[in-house]
Amino acid sequence: MRYAELTIKDFVHELAQGTPTPGGGSVAALSGVLASALSSMVSGLTLGRPKHEDVWPEMEEVREQAEQQTLELQELIDRDAEAYNRVMAAFKMPREDQVQKEQRRQAIQEATLEAAQVPLQTLKAVASLADLLRTSADKGNPNCITDVGVGSQLMLAAAKGAAFNVRINLSGLKDEGLVQDLKKEVQDLLQQVEAAAGDLEAKVESALE
């Protein structure tokens, strides 16, 4: 099943079931998809309007980049679920002798690393939305400022959700050096997104006043 291809109604139905997938990691990626799509929407409502002609080049670039990020994040909705399923499959491997135990241990580590790397990729993709939303806020159709605001909040939720999912998988890895490196990368990316979301919220509040 391709979760990214489901209707909203069907996705919500799958999400509400008593099964691990789709779960929070997929929803984090979906939140990023929605944030990216809102950037595309703002650019679409700016391009072609003569009074905004001076910013068409920047908004065209926003639209192109947002479309690319939307596609990447849509893929990550499914990849997150697939990574979790591989972890569960590794834990179910037989362990009747030492060889099987070692094979199972290695498979668990490999699958767990992938399960951390997928939401990390989501976090990276989401972090790249910050500049698109900033441009949308500064140069996009001003009537869309609240759409930018919603996009910034979705970006923040996506980033935090992705970070949670990286961290919970890192707890299962034995390579402490790698774990510390990934934790630092997550922290840096999350701080970038949080700062951007704060700036964007201030812009929206200022416009609404």
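Refer to the preceding data block for the structure.
In what follows, the accompanying structure is described. Note that the structure is predicted; figures quoted are calculated from it, not measured. (Residues numbered from 1 in each chain as written. Predicted model: local features only at pLDDT ≥ 70, side-chain atom pairs only at ≥ 80, totals over all residues. Heavy atoms only, no water.)

**What about the overall build of the protein chain?**
Alright, step 1. Assigned secondary structure in the protein chain consists of 7 helices and 0 strands.
Alright, step 2. Listing the helices and strands of the protein chain from first to last along the sequence gives α-α-α-α-α-α-α.
Alright, step 3. Dimensions of the protein chain along its principal axes, counting C-alpha atoms only, are 75 × 40 × 30 Å.
Alright, step 4. Taking the intrachain contacts of the protein chain between residues at least 6 apart in sequence as the baseline, contacts between residues at least 24 apart amount to 76%.
Alright, step 5. For the protein chain, the exposed surface amounts to about 11,300 Å²; the carbon and sulfur share of it is 52%. (Helix = DSSP H or I, 4+ residues; strand = E, 2+ residues; numbered from the N terminus. Contact = heavy atoms within 4.5 Å. Areas by Shrake-Rupley, 256 points an atom, 1.4 Å probe, with all protein chains shown as cover.)

**Notes on the environment of Leu-123**
Alright, step 1. Tracing the chain through its elements places Leu-123 in helix H4 (residues 98-127).
Alright, step 2. The class of Leu-123 is buried, set by a relative accessible area of 0%.
Alright, step 3. Separated by 33 residues in sequence, Leu-123 and Leu-156 have C-alpha atoms that sit 9.8 Å apart.
Alright, step 4. Setting aside residues no more than four positions away along its own chain, Leu-123 makes contact with Ala-159, Ala-162, Ala-163, Val-186 and Leu-189. (Buried < 20%, exposed > 50% of the residue type's maximum accessible area, 1.4 Å probe, protein only.)

**A look at H4**
Alright, step 1. Counted at 1.5 Å a residue, the expected span for H4 with its 30 residues is 44 Å, and the 43 Å between its end C-alpha atoms agrees.
Alright, step 2. A side-chain oxygen of the first residue of H4 lies 3.1 Å from the backbone nitrogen of Val-99; this N-cap is Asp-97. (Expected span 1.5 Å × (residues − 1). Polar contact = N/O pair within 3.5 Å; in protein donor to acceptor, adjacent residues only side chain to side chain.)

**Points about the pattern of salt bridges**
Alright, step 1. Summed over the entire model, instances satisfying the criterion amount to 11 salt bridges.
Alright, step 2. Of the charged contacts in the structure, one is a salt bridge between Asp-78 and Arg-2, with a shortest N-O distance of 3.9 Å. Residue Asp-78 is located in helix H3 (residues 56-91), and its partner Arg-2 is located in the segment before helix H1 (8-15); the two are separated by 76 residues in the primary sequence.
Alright, step 3. We classify Asp-78 as buried; its relative accessible area is 2%.
Alright, step 4. Take Arg-2: its relative accessible area is 33%, and that puts it in the partly exposed class.
Alright, step 5. With its nearest N and O atoms 2.7 Å apart, the salt bridge here joins Glu-60 to Arg-63. With a gap of 3 residues between them, Glu-60 and Arg-63 both fall in helix H3, about one helical turn apart.
Alright, step 6. Among the charged side chains, a salt-bridge network with shared partners connects Arg-2, Glu-5, Glu-75 and Asp-78. (Salt bridge = Lys/Arg side-chain N within 4 Å of Asp/Glu carboxyl O.)

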